[in-house]
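Residue-level structural notes
Residues per chain, in single letters:
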Amino acid sequence: ISGCSANQTIQLGSNGTVEYISNHPTSVTDNCGVKTTGLNIRYLNGATNTAGKIIETANFTPGSSHKVNIKGAGTVEFEYWATDQANNTAICKYT
C-alpha cells in the first residue's frame, strides 16, 4: 500500500459536525496479486459519524476518495488494508 495520507487536524463547524473527504492510498500492488482491500473507520474519544456509529467499514479503490460526516470532537482513524493471494496483509493508518 503506498500513498497513505499523513495525520491531519480538522475543525468542526459551528453545529459540531464536519464533512471530511478521505483520500485513499494511491496504489496497492503485490508480486503474487492483491486478493482483497478494505477500509475501517474508527471514531474515537467522543467522535461519531452523524448517525451515531463509532465504526464503519468500506471497500476502496486506490486513488479515489471516501466522504465521512464527523460529529463531535475526538479522533477518527482511517485504516486501509490489503490482502494478497498468499493471505499476507499490509496496513496503512492515519488519524
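Here we summarise the structure given alongside this text. Per chain, the residues get numbers from 1 upward, laid out in the order the sequence is written. Under the rules for a predicted model, residues below a pLDDT of 70 receive no local features and side-chain atom pairs below 80 are neither given nor counted, while totals for whole chains, interfaces and linings still include all residues. No hydrogens and no water enter the side-chain calculation; it runs on all heavy atoms of the structure.

A few words now on the sheet that holds strand 5 (residues 65-71). Strand order in the open sheet made by the 3 strands is 1-5-3, with antiparallel pairing throughout. Two strands close off the open sheet at either side, each with one partner strand: strand 1 (17-23) and strand 3 (48-49). Being paired, for any two strands, means DSSP has found at least two bridges between them. Under the DSSP-based scheme used, a helix requires at least four consecutive residues in state H or I and a strand at least two consecutive residues in state E, with every element numbered from the N terminus. Note that strand 1 and strand 5 share 7 bridges and pair antiparallel. Within strand 5, the position partnered with Asn-23 by the bridge is Ser-65.

A word on the pattern of salt bridges. We define a salt bridge as a side-chain nitrogen of Lys or Arg found within 4 Å of a carboxyl oxygen belonging to Asp or Glu. Taken as a whole and judged by the stated rule, the model has 4 salt bridges. With its nearest N and O atoms 3.8 Å apart, the salt bridge here joins Glu-19 to Lys-67. Of this pair, Glu-19 sits in strand 1 while Lys-67 sits in strand 5, and the two are 48 residues apart along the sequence. Salt bridges linked by common partners bring Arg-42, Glu-77, Glu-79 and Lys-93 together as one network.

What follows covers the packing of aromatic side chains. Stacked, tilted and edge-to-face are the three classes assigned to paired rings of Phe, Tyr and Trp, where Trp is represented by its six-membered ring and a pair needs centres within 6.5 Å; plane angles under 30 degrees give stacked, over 60 edge-to-face, the rest tilted. For the coordinates displayed, the defined rule picks out 3 aromatic pairs. Relative to Phe-78, the ring of Tyr-20 has its centre 5.7 Å away and its plane inclined at 45 degrees; by these criteria the two rings are tilted. With a gap of 58 residues between them, Tyr-20 in strand 1 and Phe-78 in strand 6 (residues 75-84) connect regions that are remote in the sequence. The pair Tyr-20 / Phe-78 is uniform in exposure class, with both members buried. With centroids separated by 5.0 Å and ring planes inclined at 15 degrees, the aromatic side chains of Phe-78 and Tyr-94 adopt a geometry described as stacked. Within this pair, whereas Phe-78 is found in strand 6, its partner Tyr-94 is found in strand 7 (residues 89-94), the two being separated by 16 residues in sequence. On the accessibility criterion, Tyr-94 (1% relative accessible area) is buried. Put simply, the rings of Tyr-20, Phe-78 and Tyr-94 pair up and form one aromatic cluster. For each residue, the accessible area found with a 1.4 Å probe, counting protein chains only, is set against the maximum for its type, and the residue is called buried under 20%, exposed over 50%, and partly exposed in between.

Such coordinate-based values are descriptive only and should not be taken to indicate function.
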